[in-house]
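Here's the letter readout for the chains.
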Amino acid sequence: MNRFAHRGLLMFCLLAAGIGQALAHSADEHAGHDMPARSASSQSAQVKFADVALVDQNGKPVRLEKDLVTDKIVVMSFIYTSCTTVCPVVSSIMGKVQKQLGARVGDEVQLVSISIDPQRDDAKRLNDYARSFQKGLGWSWLTGSSQSINETLKGLGSFSGDFKSHQPLILVGDGNSRHWTRYYGFTDPAVLIRQVEKLHSQRNVHAKHTAIAMEPQP
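Note that residues are indexed from 1 along each chain, following the sequence as it is written. At least 70 in pLDDT is required for a residue's local features to be given in this predicted model, at least 80 for side-chain atom pairs to be given and counted, and no such filter applies to totals for whole chains, interfaces and linings, which use all residues. Processing note: side-chain calculations cover all non-hydrogen atoms of the structure and skip hydrogens and water entirely.

By the naming in an unreviewed UniProt entry, the protein is SCO family protein, taken from Pseudomonas hefeiensis. In its Sequence similarities (unreviewed entry) section, the UniProt record describing the protein reads: "Belongs to the SCO1/2 family." UniProt positions are given in the numbering used here, feature names are shortened, and annotations may be inferred rather than shown by experiment.

Let us look at the overall build of the protein. Per the secondary structure count, the protein includes seven helices and eight strands. Contacts are residue-level and defined by heavy atoms, with any inter-residue pair within 4.5 Å sufficient. Partitioning the intrachain contacts of the protein with sequence separation of at least 6 by distance along the chain shows that 76% fall at a separation of at least 24. Numbering of helices and strands runs from the N terminus, with a helix taken as a DSSP run of H or I at least four residues long and a strand as a DSSP run of E at least two residues long.

A large share of strand 4 (residues 73-79) lies buried, amounting to seven of its seven residues. Alternating residues of strand 4 divide into Ile73, Val75, Ser77 and Ile79 and Val74, Met76 and Phe78, and every residue in both groups is buried. Where strand 4 meets strand 5 (residues 109-115), seven bridges bridge the pair, whose relative direction is parallel. The residue of strand 5 that forms the bridge with serine 77 is serine 113. Consider the strands pointing away from the viewer: the crossover is right-handed when the path from the first strand over the helix to the second runs clockwise. Handedness of the crossover is the feature at issue here: the chain leaves strand 4, passes through helix 4 (residues 86-101), returns alongside strand 5, and the resulting connection is right-handed. For strand 4 and strand 7 (residues 169-174), the ladder comprises five bridges, and the chain directions are antiparallel. Directly across from valine 75, in strand 7, lies its bridge partner valine 172. Think of it in three bands: residues with accessible area under 20% of the maximum for their type are buried, residues over 50% are exposed, and the middle band is partly exposed, with areas taken using a 1.4 Å probe on protein chains only. When DSSP finds two or more bridges between a pair of strands, those strands are recorded as paired.

Moving on: the packing of aromatic side chains. Aromatic rings from Phe, Tyr and Trp, with only the six-membered ring used for Trp, were paired whenever their centres fell within 6.5 Å, and each pair was classed as stacked if the ring planes differed by under 30 degrees, edge-to-face if by over 60, and tilted otherwise. Across all of its chains, the model carries four aromatic pairs by this definition. A centroid spacing of 5.7 Å and a plane angle of 75° characterise the contact between tyrosine 129 and tryptophan 141, whose relative ring orientation is edge-to-face. Of this pair, tyrosine 129 sits in helix 5 (residues 123-130) while tryptophan 141 sits in strand 6 (residues 139-143), and the two are twelve residues apart along the sequence. Just as tyrosine 129 is buried, tryptophan 141 falls in that class too. Every member of this aromatic cluster is reached through a ring pair, and the members are Tyr129, Phe133, Trp139 and Trp141. The criterion for a charge sitting over a ring is simple: Lys NZ or Arg CZ within 6 Å of the ring centre, and within 35 degrees of the ring normal. Positioned above the aromatic ring of phenylalanine 159 is the side chain of lysine 154, whose terminal nitrogen or guanidinium carbon lies 5.0 Å from the ring centre.

Only protein atoms enter the calculation, which uses a 1 Å grid: trapped sets of points that fit a 1.4 Å probe without letting it out are cavities, open sets showing protein on both sides within 12 Å along at least five of seven lines are pockets, and any residue with an atom within 4 Å of a point is a lining residue. Grid points are joined across faces, edges and corners, and a volume is the space filled by probe spheres set on the points. Roughly 210 Å³ of volume is contained in the largest pocket. As for the largest pocket, its lining consists of 13 residues, of which Ile116, Pro118, Asn150, Phe159 and Phe163 are closest to the centre.

Here the focus is unusual backbone geometry. Here the phi dihedral of aspartate 71 falls at roughly 70°; this positive angle occurs in a residue that is not glycine. Checked against the element boundaries, aspartate 71 lands in the loop between helix 3 (64-69) and strand 4.

Counting residues in hydrophobic clusters, the biggest one holds 51 residues, and the most contacted among them are Leu64, Met76, Phe78, Ile114 and Leu156. Excluding its chain neighbours within four sequence positions, the residues that come into contact with isoleucine 114 are Leu64, Met76, Ser77, Phe78, Ile79, Leu142, Ile149, Thr152, Leu153 and Leu156. Side-chain atoms within 4.5 Å link the members of a nonpolar core, which is a set of buried Ala, Val, Leu, Ile, Met, Phe, Trp, Tyr and Cys residues.

Mapped onto the fold, serine 113 is located in strand 5. Overall, serine 113 belongs to the buried group, its relative accessible area being 0%. Here the side chain of serine 113 touches serine 77 through a polar contact of 2.8 Å, side chain to side chain. Those residues in contact with serine 113 that sit more than four places away from it in its chain are Ser77, Ile79, Met94, Trp139, Ser140, Trp141 and Leu142. Here a polar contact means two N or O atoms within 3.5 Å. Within protein one must be a hydrogen donor candidate and the other an acceptor candidate, and residues neighboring in sequence count only if both atoms are side-chain atoms.

Below, the structure written as structure tokens:
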């Protein structure tokens, strides 16, 4: 190989490497979401609700624990409206849960989706986004100041520091018993519904035991 051919080959290799690097940096900002989405897993969780002011998709002020969690079985997700990969799938899963639980959502069961991009996701934007997934009552979409959202996410164990690389995550728990489970990845809605039913059964058992304990002794 003469020196001109050698130089040409070297230039071609450098150019190819540069193009490959550029493509890697210009890839979709959500590409990292595919990694945790391949397999779903779950773990028991301890959560803490920050007592901060939030706002729902209708512009109504909300305190998460007081207004939405207490006395409810809760299914909670974390999304942002400009996400084009993971978040629509997670919201679709939540929508299927809402559909299958029917009228129980808004009564015994509360669905909550919290924006992790509060700087862009105001109430109007959340309301527009929610229309693609929500069919009925009992599903609150929350945003707020960056500080309020960060405190909320930290208490729930879902703060990542970089919202564009967050993992798909859904929390299911009983606002009364503090039994919570984190579901990572794209969880089958049937799995989430089984957990809701399990928490419902535990409530019934607890209520029965309480009623027996309160019965007057002979």
